[in-house]
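Here is what each chain is made of, one letter per residue.
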Amino acid sequence: MRFNRPAIRTTTALWMLTMACAVALPQLAGAESVLRIGMTAADIPRTLGQPDQGFEGNRFTGLTMYDALTMWDLSSATKASVVIPGLATEWKVDDADKTKWTFKLRPGVTFHDGAPFNADAVVWNVEKVLNKDAVQFDASQVGVTASRMPTLVSAKKIDDMTVELTAKEPDSFLPINLTNLFMASPAKWQSLYDKAEGADAKAKSQAAWAAFAKEASGTGPWKMAKFTPRERLELVKNEAYWDKARVPHVDRMVLLPMPEANARTAALLSGQVDWIEAPAPDAVKEITARGFKIEKNEQPHVWPWQFSRIEGSPWNDIRVRKAANLCIDREGLRDGLLAGLMVPATGTFEPGHPWRGNPTFQIKYDLPAAQKLMKEAGYGPDKKLSVKTQTSASGSGQMLPLPMNEYLQQALAECYFDVKLDVIEWNTLFTNWRRGAKDPSANGANATNVTYAAMDPFFALVRFLQSSMAPPVSNNWGYINNPQFDELVKKARTSFDAKERDAALAELNAASIDDAAFLYVAHDVGPRALSPKVKGFVQPKSWFVDFSPVSITP
């Protein structure tokens, strides 16, 4: 069946604001090279060390200005991105106590303010999100950090260049999770705290973090130069970066919030920016015809509906969950609305991935089978099943959420679903995701449409499927409680041999597909459109990118 193609509308006021922001860029010296990027975010992600706005925040204000103990190798377009040493040069789990890890730190690293990076800085940064009694503890950074490394409980200095991290249980995923803990400068924060005003230490601490966001100091390859909320963030290269091979090739990078796809596309074609995330699919032919480049690569990323499994949810019936998965023509979505800019999803991982496993339920477009399941569940042409999904108008990895959800709305109507959409702002949706289906913020929705990265076991599977990851701990929004999932998570987490861990994860992924745990729709390919002046960019098989090797010709 062919579905009507939803129109992608341009908001005139937003377009005018976007252009005003772009035109207002300072006239820089001719010798300075500048890269201007239009993001999908509606605002600049937080800059104080732990970004918001999902992984778009990590991409633009995390991995640029900051480093973590471990980091992702983003150097290849053909090989999977893997974890490599960052501010830690090596790490090892204790043979006698698998809850303890020793990390050796990289010598000679300094923060942007000149202060040294050392074990004290690591302990300080762990405590900023885990120790409520620490003066630097910032509750606003906890949700986007602690939920991504839920087993970490403490850090202890062994010597200046060695720290011991302790987890609450054996966790082979911990070194991967630590890619999300960015190191901010304790010395810079302390100087702002000493000058801050407030009735008590907590108020002074909040004031210090607010000031730090405007004067950020990390150890990353980019330094903050100018920050105007909702308008732009300007970063300059860090000439003193510890990895000389990753000192940026351009002098300045300007980040502009442009949440509307057509506005981003128009800004690129008119020369207002050099690079845009997620161009409008309708404009791909025009973009390439005019000499611009479309970069894309299959990412470890899923565009889903995450089902509520609380009492009374219509998704508690596995026949309904399976029917929804069989009712979507993913190839039609790819070839039509998205102009080829997606890969159909038949689970979190596709065949050939070591974590795929061997599911018995095959996710595909099979309308008769979907309708049969719905009739078995008690629904039909004269008795529709009402469901409500909360989604956003734009956002990190959300691709084209409104047109895509309208496509699903029409498709599922053929299988006796009556789909209602609750459209809210992206960052609000992301916050609601951590609050769960039982929270009033769900607004009666029994599904949520938040895309998720699948780079590592915790992000891909554990935070959604393990019962103990229900809110407020992590992202089990729907309160899934399946003993089989819990047992397989434990098996994988306590397997410190890579092959044994991968086998357990493959079992877990297959079990989640057989249970139709999500409505699996698409894998993003991270499309971005670049001016022909942009050189040296590598589009990795990752959610993240490395801006350091990028150059721009006059």
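Here the structure is shown first, and the text comes after it.
Structure report, in brief. Everything numeric in this text was worked out from a predicted model, so none of it was measured. (Residues numbered from 1 in each chain as written. Predicted model: local features only at pLDDT ≥ 70, side-chain atom pairs only at ≥ 80, totals over all residues. Heavy atoms only, no water.)

## Observations regarding the packing of aromatic side chains
Under the counting rule described, the total for this entry stands at 28 aromatic pairs. Here phenylalanine 55 and phenylalanine 544 contribute two aromatic rings whose centre-to-centre distance is 5.1 Å and whose plane-to-plane angle is 50°, an arrangement assigned as tilted. Taken as a pair, phenylalanine 55 in helix α2 (residues 54-62) and phenylalanine 544 in the loop between β21 (534-535) and β22 (551-552) lie far apart in primary sequence, 489 residues in all. On the accessibility criterion, phenylalanine 544 (3% relative accessible area) is buried. Consider the rings of phenylalanine 307 and tryptophan 315, whose centres lie 4.1 Å apart with planes at 20°: the pair is stacked. Residue phenylalanine 307 is classed as buried on the basis of its relative accessible area, which comes to 1%. A cation over an aromatic ring shows up here: lysine 383 above the ring of tyrosine 379, its NZ or CZ 5.5 Å from the ring centre. (Phe/Tyr/Trp six-rings, centres within 6.5 Å; stacked < 30°, edge-to-face > 60°. Helix = DSSP H or I, 4+ residues; strand = E, 2+ residues; numbered from the N terminus. Buried < 20%, exposed > 50% of the residue type's maximum accessible area, 1.4 Å probe, protein only. Lys NZ or Arg CZ within 6 Å of the ring centre and 35° of its normal.)

## Side note on the pattern of salt bridges
What the rule picks out here adds up to 26 salt bridges. In this structure, aspartate 274 and arginine 36 form a salt bridge, with 2.9 Å as the shortest nitrogen-oxygen distance. With aspartate 274 in the loop between α8 (261-269) and β11 (275-277) and arginine 36 in strand β1 (residues 34-39), the pair connects residues that are 238 residues apart, well separated along the chain. Take arginine 36: its relative accessible area is 17%, and that puts it in the buried class. Among the ionic pairs, aspartate 546 bridges to arginine 246, the shortest N-O distance being 3.0 Å. Taken together, the residues aspartate 546 in the loop between β21 and β22 and arginine 246 in the loop between β9 (232-237) and β10 (252-257) connect sequence positions 300 residues apart. Judged on exposure class, the residue aspartate 546 and its partner arginine 246 are both buried. Linked by salt bridges that have partners in common, Glu32, Glu231, Arg232, Glu234 and Arg252 make up one network. (Salt bridge = Lys/Arg side-chain N within 4 Å of Asp/Glu carboxyl O.)

## Description of the state of the cysteines
According to the stated counting rule, one finds 1 disulfide in the structure shown. Shown here is the disulfide that connects cysteine 327 with cysteine 415, its sulfur atoms set 2.0 Å apart. The disulfide joining cysteine 327 to cysteine 415 has a torsion of about 100° about its S-S bond and is therefore right-handed. With cysteine 327 in the loop between α10 (318-326) and α11 (330-335) and cysteine 415 in the loop between α13 (401-413) and β16 (417-424), this pair connects stretches of sequence that are 88 residues apart. (Disulfide = S-S within 2.5 Å.)

## Observations concerning the environment of methionine 65
Looking at the secondary structure, you find methionine 65 in the loop between α2 and β2 (70-72). Separated by 256 residues in the primary sequence, methionine 65 and arginine 321 place their C-alpha atoms 42 Å from one another. Not counting chain neighbours up to four residues away, the residues in contact with methionine 65 comprise Thr47, His112, Ala216, Gly218, Thr219, Gly220, Trp222, Met224, Leu233 and Leu235. (Contact = heavy atoms within 4.5 Å.)

## Points about the sheet that holds strand β6 (residues 152-159)
Spatial strand order, β4-β5-β7-β6: 4 strands in an open sheet with antiparallel pairing. The sheet terminates laterally at β4 (88-93) and β6, the two strands that pair on one side only. Here the average twist between neighbouring strands, direction ignored, is 20°. Bridge count for β4 against strand β5 (residues 100-105) is 5 bridges, and the pairing is antiparallel. Along β5, the bridge assignment pairs glutamate 90 with lysine 104. Of the strands in this sheet, β5, β6 and β7 (162-167) are in contact with helix α3 (residues 119-130), which crosses β6 at around 165°. (Pairing = 2+ DSSP bridges. Axes fitted to C-alpha atoms, helices over the stretch in contact; angles between N-to-C directions.)

## What about the pairing of β5?
Judged by which residues are buried, β5 turns out to be one-sided: Trp101, Phe103 and Leu105 face inward and are buried, whereas Lys100, Thr102 and Lys104, on the alternate face, are not. Hairpin connection from β4 to β5: 6 residues lie between these consecutive antiparallel strands. Bridging between β5 and β7 involves 5 bridges; their strand directions are antiparallel. Pairing of lysine 100 across the sheet is with threonine 166, part of β7.

## Points about the sheet that holds strand β12 (residues 293-295)
The strand order β8-β9-β10-β1-β11-β20-β12 describes an open sheet built from 7 strands, whose pairing is mixed. The open sheet terminates on both sides in strands that have one partner only, identified here as β8 (222-228) and β12. The sheet shows a mean angle of 20° between the axes of neighbouring strands, taken without regard to direction. Sheet topology note: the β12/strand β20 (residues 528-530) ladder contains 3 bridges and is antiparallel. Looking at β20, one finds that lysine 293 is bridged to leucine 530. Along the sheet, α2 makes contact with β1, β9, β10, β11 and β20, crossing β1 at roughly 165°.

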